[in-house]
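One letter stands for each residue in the lines below.
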Amino acid sequence: MSESQTNPPVKKKTVKWGEAPKLSVLDALYLPAIASGLATAVRHAVSGKPTTRQYPEVEPEIPPNYRGVHRLNRDEAGRVKCVACYMCQTACPANCIEIIAAPAPKDDPHWKDRDKFPATFTIDELRCIYCGMCEEACPVDAIELTSVYDLTGMTREEMVFDKEKLLSVFDQTVKSGRDPVRTNRGKLGPASEVSPTAKDAPPPPGRGKRG
Amino acid sequence: MISSLLEYWPVLWPALAAIAVILAVVPFLGLYMTFIERKVAAYVQDRVGPNRVGPFGLFQAVADGIKIFLKEQLIPDHVYTALYFIAPSFSLITAMFALVVMPFGPVATDYQSGFRFMVAPGIDIGILMMLAISSLSAYGIIVGGWASNNKYSIYGAIRSCAQFISYEIPLGMSILGVVAIAGSLNIERIVASQSGSILDWNMFWQPVAMLVFFTSALAETNRLPFDLPECEQELVGGFHTEYSGIKFVLFFLAEYTHIVTVSFLTALLFMGGWHFPGLPGPSGASTTVLLLGLFVLLAKVSLVVMVIILLRWALPRFRFDQLMGLAWKGLIPLALANLVGVAIVLTLGLPKHLLIATAVLPILAAYYSASKFNASLAEGNTLRNGLRTQGAVSYE
């Protein structure tokens, strides 16, 4: 009774009392309920359509903005697009990116428009938390997260991706048509190609004017 | 010694052959029952089920068996080692020993002709021995739960114990009616008493007995909806929480052997065994007829097994008081009333087909329990009215 005083009073018209249903003879016999349960089970067993996806044979459709394995993009000349600015390495919260920059070979006509390029570029895929901040930090859209989700390896060493491996991920994803979506957000550096839509498109929602 | 062995050889070899068949078939059957169970469960739940090993996943059972044999023998520190080892083997031994008196194919009651699909034919206390042995399997579970030295295990074991002493009674009582009609405890003779037309099968004029028997048998096998000794949601794994590898498999095998035993008993006692309209009885029959009888019996058994497996996906688990209430307040009175009916019919020499009237019994019982429940509703014996009268809700 003491609890009843602690309960706040309720308006009478807001309370609707339901009646407990009466038990019929068939309900108390249990057998019709058991039969209907069995019928449901049999119906599903006989004519139910399996919703299982046969995984290794049928792969799931991964959305293109999925944050999977990284890739290093190539430009039109097939060179690595990265300009070794260390922005991604700085932005990385997991400290999994390591870049060693080198001056671009000036006497080579192939490289004459570049000052720097990454001599080595390694990402520890086991350490990475796949947050996508490197992708956002990159001024030239050189590093991107692809929709490759099934990354496996037998040793820790082979999970540390170097430049060649990251570039090969680019080649694979381009070949298989699983290109990640371009956000086209912000202004890209002169080393990146600027798509015409980038200037016209409004900034994506959810971010301030600075993007 | 050898000369006496040779002398008894004509009697001995069918028994040895039957033992070999049982020893070979039971583990295989246990493995494939898990496969069938997984497949049926998958189909009922709109899934595909195991389909990786072999065509339709048929070798999944073999793969499971190999894997489980190669598993590490893990013995927890806190168990009573001797009992811990005895329990699973005891459970399997009792489950398989019950098969000794069970005919798994047509057996002629004159024991003269043909191959006898039975280890020990002509045991006059057949069904009694079967019940006695199969109730020993409770010891395997109880000893296993005790030896595990674990709260969940001992809870599972105690539940199993309580379940066994509740469901042994209606199980025995429901069989008594059939036994009285056949006039024998011998299983072959009980089956032989059901020869003739399809209406001679016990299920048609002992429907209550069949219902009670099947329900109690489900409880005996610890299958859903009576799987309280091992319910995962409450007791982790119940009595086999601490068991892994081959010892766990022995428990599992015992459970599936139990299911097979129960299905055989249902088919033999109530569904006419190897009898089928148009098929002659086993005495003096040709091999073809014997094989046909075997097929008929196995078909009936697989039907019962299928119902048991499907029931798992059709019914929710009982609460423990509901489980005991069903046995003591529902099944035992029903079985008793049925037995009284049989006694009256037999004593007065009335035609046995009058017993079909016992089908009214469960309806009467349902009417009684429904009216009792509705009366309790009218008295306000519900949580809702309780709240109202105790003033837990106050109005402005």
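None of these values were measured; they are calculated from a predicted model. (Residues numbered from 1 in each chain as written. Chains lettered and ligands numbered in written order. Predicted model: local features only at pLDDT ≥ 70, side-chain atom pairs only at ≥ 80, totals over all residues. Heavy atoms only, no water.)

1. Here's the deal with the packing of helix α4 (residues 126–148) of chain B against helix α10 (residues 245–270) of chain B
All names here are of chain B.
Point 1. Orientation of α4 relative to α10, taken along the N-to-C sense of each, is 155°, at an axis distance of 12 Å. As the angle between them shows, α4 and α10 are arranged roughly antiparallel. The two elements α4 and α10 cross, and the hand of that crossing is left-handed. From α4, Ile-127, Met-130, Ser-134, Ser-137, Gly-140 and Gly-144 reach across to α10, where they touch Phe-251, His-258, Thr-261, Leu-265 and Leu-269.
Point 2. Looking at the contact of α4 with α10 residue by residue, the class counts come to 5 nonpolar, 6 polar and no charged. (Axes fitted to C-alpha atoms, helices over the stretch in contact; angles between N-to-C directions. Helix = DSSP H or I, 4+ residues; strand = E, 2+ residues; numbered from the N terminus. Parallel < 35°, antiparallel > 145°, perpendicular 65-115°, else oblique. Left-handed = near helix turned anticlockwise from the far one by under 90°. Contact = heavy atoms within 4.5 Å. Nonpolar A, V, L, I, M, F, W, Y, C, P; charged D, E, K, R; others polar.)

2. A word on the pattern of salt bridges
Point 1. Across all of its chains, the model carries 7 salt bridges over all chains by this definition.
Point 2. A salt bridge links Arg-71 of chain A to Glu-144 of chain A, with the nearest nitrogen and oxygen atoms 3.0 Å apart. Highlighted residues: Arg-71 of chain A in strand β1 (residues 70–72) and Glu-144 of chain A in strand β4 (residues 143–145), separated in sequence by 73 residues.
Point 3. Between Arg-312 of chain B and Glu-37 of chain B there is a salt bridge; the shortest N-O distance is 2.8 Å. Note that Arg-312 of chain B is positioned in helix α11 (residues 287–314) and Glu-37 of chain B in helix α1 (residues 2–44), a separation of 275 residues in sequence.
Point 4. Arg-312 of chain B sits in the partly exposed class, given a relative accessible area of 27%.
Point 5. Several salt bridges share partner residues, and in doing so they unite Asp-75, Arg-79 and Arg-114 of chain A into one network. (Salt bridge = Lys/Arg side-chain N within 4 Å of Asp/Glu carboxyl O. Buried < 20%, exposed > 50% of the residue type's maximum accessible area, 1.4 Å probe, protein only.)

3. Section: the side chain of Lys-247 of chain B
Residues and elements named next belong to chain B.
Point 1. With respect to the helices and strands, Lys-247 occurs in helix α10.
Point 2. Among buried charged residues, Lys-247 stands out as having no salt bridge; its nearest opposite-charge side chain is Glu-72, 10 Å away.
Point 3. In contact with Lys-247, not counting residues within four places along its chain, are Gln-73, Leu-74, Ile-75, Tyr-84, Phe-85 and Pro-88. (Lys, Arg positive; Asp, Glu negative; His and termini not counted.)

4. Structural notes on the confidence of the model for chain A
All names here are of chain A.
Point 1. The predicted model of chain A has a mean per-residue pLDDT of 78, with 80% of residues at 70 or higher.
Point 2. In the predicted structure, residues 194–204 sits below a pLDDT of 50 and forms 5 contacts with residues beyond four places in sequence or in another chain.
Point 3. Low pLDDT (under 50) marks residues 207–211, which in the prediction has 2 contacts with non-local residues, meaning those over four places away or in another chain. (pLDDT = per-residue confidence, 0-100.)

5. Here's the deal with the sheet that holds strand β3 (residues 116–124) of chain A
Residues and elements named next belong to chain A.
Point 1. Strand order in the open sheet formed by 3 strands is β2-β3-β5, and the pairing between neighbours is antiparallel. Edge positions in the sheet fall to β2 (97–103) and β5 (160–161), since each of these pairs with one other strand and no more.
Point 2. Note: β3 against β5, 2 bridges, orientation antiparallel. Within β5, the residue paired with Asp-124 across the bridge is Val-160.
Point 3. Against the sheet, helix α6 (residues 163–175) contacts β3 and β5, and its axis sits at roughly 85° relative to β3. (Pairing = 2+ DSSP bridges.)

6. With respect to the environment of Thr-152 of chain A
Residue and element names in this part refer to chain A.
Point 1. Within the element layout of this structure, Thr-152 appears in the loop between β4 and β5.
Point 2. For the pair Thr-152 and Leu-126, spaced 26 residues apart in sequence, the C-alpha separation works out to 10.0 Å.
Point 3. Residues within four places of Thr-152 in sequence aside, it is in contact with Glu-158 and Met-159.

7. Some words on the side chain of Ser-137 of chain B
All names here are of chain B.
Point 1. Along the chain, Ser-137 turns up in helix α4.
Point 2. A distance of 2.7 Å separates a polar side-chain atom of Ser-137 from the backbone oxygen of Ser-134.
Point 3. Leaving out residues up to four positions away in the same chain, Ser-137 has contacts with Thr-94, Phe-164 and His-258. (Polar contact = N/O pair within 3.5 Å; in protein donor to acceptor, adjacent residues only side chain to side chain.)

8. Description of α6 of chain A
All names here are of chain A.
Point 1. With 13 residues, α6 should cover 18 Å at 1.5 Å per step; its first-to-last C-alpha distance of 18 Å lies within 8% of that length.
Point 2. The secondary structure elements touched by the buried residues of α6 are β1, β3 and β5.
Point 3. Gly-177, located one to two residues past α6, shows a positive phi value of around 75°. (Expected span 1.5 Å × (residues − 1).)

9. Quick notes on the packing of aromatic side chains
Residues and elements named next belong to chain B.
Point 1. Tallied over the entire structure, the rule returns 12 aromatic pairs over all chains.
Point 2. Aromatic side chains Phe-28 and Tyr-32 sit 5.0 Å apart centroid to centroid with 40° between the ring planes, which places their arrangement in the tilted category. With Phe-28 and Tyr-32 both in helix α1, this residue pair falls 4 residues apart, about one helical turn.
Point 3. Each ring, one from Tyr-84 and one from Tyr-243, has its centre 4.4 Å from the other, and the planes form 10°; the classification is stacked. Here the residue Tyr-84 occupies a position in helix α3 (residues 81–97), and Tyr-243 occupies one in the loop between α9 (232–235) and α10, the gap between them amounting to 159 residues. This pair shows no difference in class: Tyr-84 is buried, exactly as Tyr-243 is. (Phe/Tyr/Trp six-rings, centres within 6.5 Å; stacked < 30°, edge-to-face > 60°.)

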